[in-house]
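# Results of the structural survey
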Amino acid sequence: MYFSDLEEKICTPDQLRPKPDNSALVFGKYFTDHMLEVSWDSKRGWAKPVISPMHNLQLHPGAKVLHYAIELFEGMKAYRGEDGCLRLFRPDKNMARMLSTAKRSSLPTFDAEEMIKCVKRLIQIDKEWVPYSTTSSLYIRPTFIATDPSLGVASPNEALLYVLLCPVGPYFTSGFKPISLMADPQYVRSWPGGCGAMKMGANYAPTIYIQKQSELLGHQQVLWLYGADHQLTEVGTMNIFLFMLNENGERELVTPPLDGLILPGVTRLSLLELAREWKEFRVVERTITMAEVIQAHEEKRLLEIFGAGTACVVCPVSSISYQGREYNIPRSEPSLSQRFLKTMSDIHYGRVQHPWAVDI
């Protein structure tokens, strides 16, 4: 796959879609005028990348993706800065994760730099879809599916890599408001040796029913636990962070380690790197259990809990429902989650110059 081979088929004026008002943006509902596609087969390798008007895919009903879920996706964003410039946020990290998931899915690899160039060009063509707003952004959804019409459980011989763009507002319509969590150890999102660290659709489908159960109980998200000791892993589709005083009275930011159970989030990595740069408190990646959370809560050592991810950036937690009890989570003032959100937003929207922000 080479950017230099890119073919462009641009929409005619009558094919252009009306752009929604920023106030009406719902996550993933509106799509831009164009999409990027690159097909692959085992004999010829990668075909030329093509940007063309948004259209439905044609798939054989026996396509492997429909039977064995041989597919994966990424989630990244482009932002319109206050200076008018368009920027991506650490796209190299998303491409590295995409390649890691492709390997685990028996899908072919590709050149990350060439892919980023193709994505940049797609955004340039649809640049008017990037919201003129510092609370909205352009969500980028690279997707990779096995397309060969064969029911054998085997590595695919044909595949399609494509990219969709969606203008999006805040992920949670309530804005930066704390959410309540249901923590029920009978439900497990991932396990050692599995694919919990991969961004494949098969990880998400089984969580939707549990998410609905939590909503019926009045909660917004699920806190996913693992093991007999009820280790914290993820919150909804986000990585989880705890800001607390350790038993020595030191302030400590704790998040679960990359041990195969959790997704290596780009936002997670960025928050850890920012916190280590600040050098104001301890930063620790380690296993943390519900027993430890409850003990810290009872001893008034828990300062704050929040989730982090591309879609929402940072999301504070107000309470956790666990084993018949509701634990109200405090928030330190000024809160660390708000500081992280402001710092990340300043980078996203060009208020500060930073190497993580990549010009389009």
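- As annotated in an unreviewed UniProt entry, the protein carries the name Branched-chain-amino-acid aminotransferase and is attributed to Daphnia magna.
- Listed under Cofactor (unreviewed entry) in UniProt, the entry text for the protein is "pyridoxal 5'-phosphate".
- Quoted verbatim from the Sequence similarities (unreviewed entry) heading of the UniProt record, the comment on the protein is "Belongs to the class-IV pyridoxal-phosphate-dependent aminotransferase family."

## Here we look at the pattern of salt bridges
- If you walk through the whole model with that rule in mind, you get 22 salt bridges.
- With its nearest N and O atoms 3.1 Å apart, the salt bridge here joins E273 to R90. Residue E273 is located in helix 5 (residues 266–278), and its partner R90 is located in the loop between strand 7 (86–89) and helix 2 (91–104); the two are separated by 183 residues in the primary sequence.
- For R90, a relative accessible area of 6% corresponds to the buried category.
- In this structure, R282 and E252 form a salt bridge, with 2.9 Å as the shortest nitrogen-oxygen distance. Here R282 is found in strand 15 (residues 282–285), whereas its partner E252 is found in strand 14 (residues 251–255), with 30 residues between them in sequence.
- The class of E252 is buried, set by a relative accessible area of 4%.

## Considering the domain arrangement of the protein
- What the domain assignment reports for the protein is domain 1 (3–170) and domain 2 (179–346).
- Look at where the C-alpha atoms of domain 1 and domain 2 centre, and you get two points 29 Å apart.
- At the interface, 19 residues of domain 1 touch 19 residues of domain 2.
- Buried area between domain 1 and domain 2, summed over both chains or domains, comes out near 1,600 Å², and the portion from carbon and sulfur atoms is 61%.
- On the domain 1 side of the contact with domain 2, F73, R97 and R104 bury the most area, a combined 37% of that side's loss.
- Applying the counting rule to domain 1 against domain 2 returns one salt bridge.
- Our enumeration of links across domain 1 and domain 2 arrives at nine residue pairs in polar contact (both at pLDDT 80 or more).
- Every element with two or more residues in the side of domain 1 that touches domain 2 is listed here: strand 5 (71–73), strand 6 (76–80) and helix 2.

Conventions we followed
Numbering of residues starts from 1 in each chain and follows the order in which that chain's sequence is written. Reporting in this predicted model follows two pLDDT cut-offs: at least 70 for local features of residues, and 80 or more for side-chain atom pairs to be given and counted; totals over whole chains, interfaces and linings ignore these cut-offs and use all residues. Excluding hydrogens and water, the side-chain figures rest on all heavy atoms present in the structure. UniProt positions are given in the numbering used here, feature names are shortened, and annotations may be inferred rather than shown by experiment. For salt bridges, the criterion is a side-chain nitrogen of Lys or Arg within 4 Å of an Asp or Glu carboxyl oxygen. The helix and strand labels rest on DSSP assignments: H or I over at least four residues marks a helix, E over at least two residues marks a strand, and numbering proceeds from the N terminus. Relative accessibility decides the category of a residue: with a 1.4 Å probe and only protein chains considered, values under 20% of the type maximum give buried, values over 50% give exposed, and everything between is partly exposed. Each domain span listed reflects an automatic or database assignment of domains. We call two residues in contact when some of their heavy atoms are within 4.5 Å. Once two parts are brought into contact, the accessible area they lose, counted with a 1.4 Å probe and summed over both, makes up the buried area. Any pair of nitrogen or oxygen atoms within 3.5 Å is treated as a polar contact; in protein, a donor-acceptor pairing is required on top of that, and neighbouring residues in sequence qualify only through side-chain atoms on both sides.

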